[in-house]
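Coordinate inspection notes
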Protein chains: 2
Amino acid sequence: ALRAAVRVHAAGAKMMEAPNYIDAVPDTLLRPGIDDPASMRGKFERMIRKVQDQVCSAVEAADGGASFRQDAWTRPSGGGGITRVMQEGKVWEKAGVAVSVVYGSMPAESYRVAVGKDIPFEKDDRVPFFAAGVSSVMHPWNPHCPTMHFNYRYFETEDWKGVPGQWWFGGGTDITPCYVNEDDMRHFHGTYKGVCDRHDPAWYDKMKANCDEYFQIPHRGETRGMGGIFFDDLNDRDKDAIFAFSSDCAANIVESYVPLVEKHKDDPFGPQQKEWQQLRRGRYVEFNLVYDRGTIFGLKTGGRIESILMSLPLTASWRYDYQVDPQTPEGKFLNCVRNASDQKWV
Amino acid sequence: ALRAAVRVHAAGAKMMEAPNYIDAVPDTLLRPGIDDPASMRGKFERMIRKVQDQVCSAVEAADGGASFRQDAWTRPSGGGGITRVMQEGKVWEKAGVAVSVVYGSMPAESYRVAVGKDIPFEKDDRVPFFAAGVSSVMHPWNPHCPTMHFNYRYFETEDWKGVPGQWWFGGGTDITPCYVNEDDMRHFHGTYKGVCDRHDPAWYDKMKANCDEYFQIPHRGETRGMGGIFFDDLNDRDKDAIFAFSSDCAANIVESYVPLVEKHKDDPFGPQQKEWQQLRRGRYVEFNLVYDRGTIFGLKTGGRIESILMSLPLTASWRYDYQVDPQTPEGKFLNCVRNASDQKWV
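Right, let's walk through the structure included here. The written sequence of each chain sets the order in which its residues are numbered from 1. Just so you know, chain letters begin at A and ligand numbers begin at 1, following the order they were written in. Side-chain atom pairs in this predicted model are given and counted only at pLDDT of 80 or more, local residue features only at pLDDT of at least 70, and totals for whole chains, interfaces and linings cover all residues. To obtain the side-chain values, all non-hydrogen atoms of the structure were included, while hydrogens and water were left out.

Residues and elements named next belong to chain A. Note on method: axes are straight lines fitted to C-alpha atoms, helices fitted across the in-contact stretch only, with angles between N-to-C directions ranging 0 to 180 degrees. Secondary structure counts use DSSP, requiring at least four H or I residues in a row for a helix and at least two E residues in a row for a strand, with both numbered from the N terminus. Following both chains from N to C, one finds helix H8 (residues 271-291) and helix H9 (residues 293-300) inclined at 55°, their axes separated by 6 Å at the closest point. Here H9 runs oblique to H8, going by the angle between their axes. Considering only the axes of H8 and H9, their crossing is right-handed. Facing Asn 288, Leu 289, Val 290 and Tyr 291 of H8, the residues of H9 in contact are Arg 293, Thr 295, Ile 296 and Leu 299. Residue composition of the contact of H8 with H9, grouped by class: five nonpolar, two polar and one charged. Should an angle lie under 35 degrees it is considered roughly parallel, over 145 roughly antiparallel, and from 65 to 115 roughly perpendicular; all remaining angles are considered oblique. Crossing handedness is defined as follows: a turn of the near helix away from the far one that is anticlockwise and smaller than a right angle gives a left-handed crossing, while the clockwise case is right-handed. Residues are treated as being in contact if the distance between any of their heavy atoms lies within 4.5 Å. In this classification, the charged set is Asp, Glu, Lys and Arg, the nonpolar set is Ala, Val, Leu, Ile, Met, Phe, Trp, Tyr, Cys and Pro, and all remaining amino acids, among them Gly, are polar.

Here is the structure:
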């Protein structure tokens, strides 16, 4: 609910302060002397920056060709971003990992509705909030190597008119192959089930279902890919326990994904497989531009466009009324994404 | 305002009746014995079907390679569609022209707000409406040949609770090159200024401004292309006079566009021009999926997806933080689409 309130806020805000591009990234994007480095803000920022380093290093090593370029900026009233993108590598056509730290404010009325309490407020009152996150999409060249996406974020409001600050965590990692490889799916989902099970045995099933739900492309009757885990508005237990879960999920990214790319990066393929991959890339674009809340939020609120749209593939294709035989590998893939909730990989 | 009400309606309706695909298209998609063929419904349907024939014939002739395939359907309670698509021709990578005739109903409350009158209504009352239109997008292979889009539509509600039926026309033709060719733009805009001037000397300037406004991609600070004309909710004069204008606009499509493709279809180009075209195709996709009211309306209300998304290019590309020198032809193009309202072609 708070998340929705922030969206409402931002839709009215339109433009943030202009960024100052920087060559050297400071140790922290928090506000020096204002934010406590030992607070969750500090812990979460350190976690997501470490994840950015780990994932980029592992992907560069597996690619063996290109390296990530970095664009970093700060904003005058605090916060900033670090976007890293690798384009036209040996293995990946496009891979990006972006960290951002945002200080903003939301209208008091939205906050009141979200919190569900009758807080007295003045017209034009605004409630300060903090948001930090890491997000990433990786698109490999080979149609037998899956695309992978992850996002981990933390949000909090400050204490306001006697109501204690609110907070939540969100995130997930999900995979989008072009073909069904059951071993790959068992590996990917299995590693995330392992992480979930260490924190709450109910979480994997619930978060796998959330993921299938979130990545629906309703106009196609398909999910974008073959799922993973997704959670949002998570604040039902101790903050440090959820932080530990979020950190474990993020630490699992490389192990869940990179071995699948290593395994398939030299798999043979022909023009027909490449064409199919390009059509699936088109579906990826459709989901991200029509339905993805983060993308639409960013586009409509003056976020840094190049960081938001780094998620789009290098190339994509749309063919009119493309027909697929249900007996082919492409047909079997379609059956999976049309019945995502039936797929129990682990 | 009525248009907005129909959008609200449709967003709640979700799914229309399933279509019955047909091999032979009947002379009319109106309801036999119910709709008067001499009414504006009949006149408009005949006009848009003639336009579909004319444009497809001219494009096939200019292509000299592929021909249009046709998919047609009717719906049990009336209306239907005829979609024609040509893919991977000699000159065009993808070209589509779609006609549709829709019978629907909108919630009475939306209708009352739209009409601005205090009409007594019962809960769940719905007001019947009729909508017919033709729409098209053509994407050529050669980066020096422009993409073209047009749409002409007519909408009416039936008499209801003592309030006479409401109606309006909408439409326009617009052009999206990858490079600035001033002669081409003078030709395209000139032919539409000619059509407008025959009906109302104030219309070209107004409708050119509408077009620049409508095709904004706010997150890029660019228009999708180099404009044309665009009108909506047009009902400020005699219905037959506006029909005549809409018909003249539609009859001008071939002359405004096909000569530009004939002129440039064999222009030399290299990989750099092709790459630029693919990036501009990416912008086309961004506009259509994020902002185009017709596309979003169709995707979210159960329209025929393949007909709606025939507007997307065969291929598109997204490169991270692509930089363009302002002195190059690409830079000059960007300057135009970033300052669309300053471009006075005629």
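This part is about the sheet that holds strand E2 (residues 69-74) of chain A. Each strand in a sheet pairs with another by means of backbone hydrogen bonds, the pair being arranged parallel or else antiparallel. All names here are of chain A. Two strands qualify as a pair provided DSSP detects at least 2 bridges between them. On the basis of which strands lie adjacent, the open sheet formed by eight strands has the order E1-E2-E3-E4-E5-E6-E7-E10 and antiparallel pairing. Each edge of the sheet is formed by a strand with only one pairing partner; in this case those strands are strand E1 (20-22) and strand E10 (228-234). Put simply, the sheet's adjacent strands are angled 15° from each other on average, direction ignored. The pairing of strand E3 (residues 80-87) with strand E4 (residues 92-107) spans eight bridges and is antiparallel.

This part is about the packing of aromatic side chains. For any pair of aromatic rings, the description consists of the separation of the ring centres together with the inter-plane angle of the planes. Residues and elements named next belong to chain B. Two rings from Phe, Tyr or Trp (for Trp, the six-membered ring) form a pair when their centres are within 6.5 Å of each other. A pair whose planes differ by under 30 degrees is stacked, one over 60 is edge-to-face, and the rest are tilted. Under the criterion given, the structure shown has 49 aromatic pairs over all chains. Between the aromatic rings of Tyr 152 and Phe 231, the centroid separation amounts to 6.2 Å while the plane-to-plane angle is 45°, which identifies the pairing as tilted. Linking Tyr 152 in strand E6 (residues 147-157) with Phe 231 in strand E10 (residues 228-234), this pair joins segments that are 79 residues apart in sequence. As far as the burial class goes, Tyr 152 and Phe 231 line up, both buried. Three or more aromatic residues joined by ring pairs make a cluster, and in this case those are Phe 44, Tyr 103, Phe 130, Tyr 154, Trp 167, Phe 169 and Phe 243. The cut-offs for exposure are 20% and 50% of the maximum accessible area for each residue type, with area from a 1.4 Å probe on protein chains only; residues under the lower value are buried, those over the upper are exposed, and the others partly exposed.

A separate point is the relation of the copies chain A and chain B. The pair of chain copies shares a relation made of a rotation about an axis and a shift along it. To superpose the copies, least squares is applied to the C-alpha atoms of every residue with a pLDDT of at least 70 in both. Mapping chain A onto chain B leaves a residual RMSD of 0.0 Å; the transformation is a rotation of 180° accompanied by 0.0 Å of translation along its axis. Such a combination of rotation and displacement between the chain copies is what one expects of a two-fold axis. Here 100% of the contact residues of chain A are again contact residues in chain B; the copies associate through an equivalent surface.

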